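Coordinate analysis (summary)
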Amino acid sequence: MNYDSLALEWLRKHLGHTVKINEIGYESTMFDYDELDKTLVPEKYVSIFKKYKQIQAHVYLYDSILIYMLLPFNQAVPTFILIGLVDNDFLIRYQLIKGEE
């Protein structure tokens with residue numbers, strides 16, 4: 001899955017105009033489940049990460065908009081990806097994308 005393309009599409013839909021990849025910030029990181037910011041993840045999805053212990057995050061930032069993609073760490077093909085769009089510290093939109101089981 002092309003994370004850059006997905007983030008750009010979500011930005012385009014939210015903003016109503018196209019943003020280029022070189023206009024946004026990007027960071028990829030890994031962290032333990034205990035460090036998951038539960039204020040930015042819908043409550044019904046927090047528990048699905050617990051059994052994986054470690055989470056990989058792809059984070060894109062444009063102005064006050066943050067797009068995150070969370071997935072189980074160290075899986076060749078992720079079983080799922082949770083994508084969220086946060087604007088001014090409010091979760092505006094999210095979607096769970098299922099992958100291979």
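The coordinates are above.
This section reports on the structure supplied with the text.

What counts and what doesn't
Residues numbered from 1 in each chain as written. Predicted model: local features only at pLDDT ≥ 70, side-chain atom pairs only at ≥ 80, totals over all residues. Heavy atoms only, no water. Helix = DSSP H or I, 4+ residues; strand = E, 2+ residues; numbered from the N terminus. Expected span 1.5 Å × (residues − 1). Contact = heavy atoms within 4.5 Å. Polar contact = N/O pair within 3.5 Å; in protein donor to acceptor, adjacent residues only side chain to side chain. Pairing = 2+ DSSP bridges. Axes fitted to C-alpha atoms, helices over the stretch in contact; angles between N-to-C directions. 1 Å grid on protein atoms, 1.4 Å probe; cavity = no way out; pocket = protein on both sides within 12 Å on 5 of 7 lines; lining within 4 Å. Points joined across faces, edges and corners; volume = space filled by probe spheres on them. Core = buried A, V, L, I, M, F, W, Y, C linked by side-chain atoms within 4.5 Å. Buried < 20%, exposed > 50% of the residue type's maximum accessible area, 1.4 Å probe, protein only.

Some points on helix 1 (residues 3-15)
Between the first and last C-alpha of helix 1 there are 18 Å, a value that for 13 residues agrees with the 18 Å anticipated at 1.5 Å per step. Along its buried surface, helix 1 packs onto strand 2 (54-62), strand 3 (65-72), strand 4 (80-87) and strand 5 (90-98). The N-cap residue of helix 1 is Asn2: its side-chain oxygen and the backbone nitrogen of Asp4 are 3.0 Å apart.

What to know about the environment of Leu91
Secondary-structure assignment places Leu91 in strand 5. On a C-alpha basis, the gap between Leu91 and Leu40 in space is 6.1 Å, while along the polypeptide they are 51 residues apart.

Here's the deal with the sheet that holds strand 5
One open sheet accounts for 5 strands, arranged 1-2-3-4-5; its pairing is antiparallel. Of all strands in the sheet, those with a lone pairing partner are strand 1 (25-32) and strand 5, marking the two edges. With direction set aside, neighbouring strand axes in the sheet form an average angle of 20°. The sheet contact formed by strand 1 and strand 2 spans 8 bridges and is antiparallel. Looking across to strand 2, one finds that Met30 is bridged to Gln56. Helix 1 rests against strand 2, strand 3, strand 4 and strand 5 of the sheet, and its axis sits at about 140° to strand 3.

Some thoughts on the layout of surface pockets
Empty space among the atoms becomes visible once a probe the size of a water molecule is rolled across them. Put simply, the largest pocket is a space of about 190 Å³. Thr29, Phe31, Glu35, Leu36, Asp37, Leu40, Val41, Ala57, Val59, Leu66, Tyr68 and Leu70 are the residues that line the largest pocket. When residues of the lining of the largest pocket are traced back to their parent elements, those giving at least two are strand 1, strand 2 and strand 3. The element contributing the most residues to the lining of the largest pocket is strand 3, with 3 residues.

Some remarks on the nonpolar core
Grouped together as the largest cluster of nonpolar side chains are 16 residues, with contacts concentrated most on Tyr60, Ile67, Met69 and Ile83. Top contributing element to this core by residue count: helix 1, with 5 residues. Residues contacting Ile67, with those up to four places away along its chain left out, are Ala7, Trp10, Leu11, His58, Val59, Tyr60, Ile83, Gly84 and Leu85. Of all hydrophobic cores here, the second largest spans 14 residues; its members include Val41, Tyr45, Ala57 and Tyr68.

With respect to the environment of Ile48
Residue placement: Ile48 occurs in the loop between helix 2 (43-46) and strand 2. C-alpha separation for the pair Ile48 and Pro72, spaced 24 residues apart in sequence, amounts to 9.5 Å. Every residue in contact with Ile48, bar those within four places of it in the chain, is listed here: Phe80 and Leu96.

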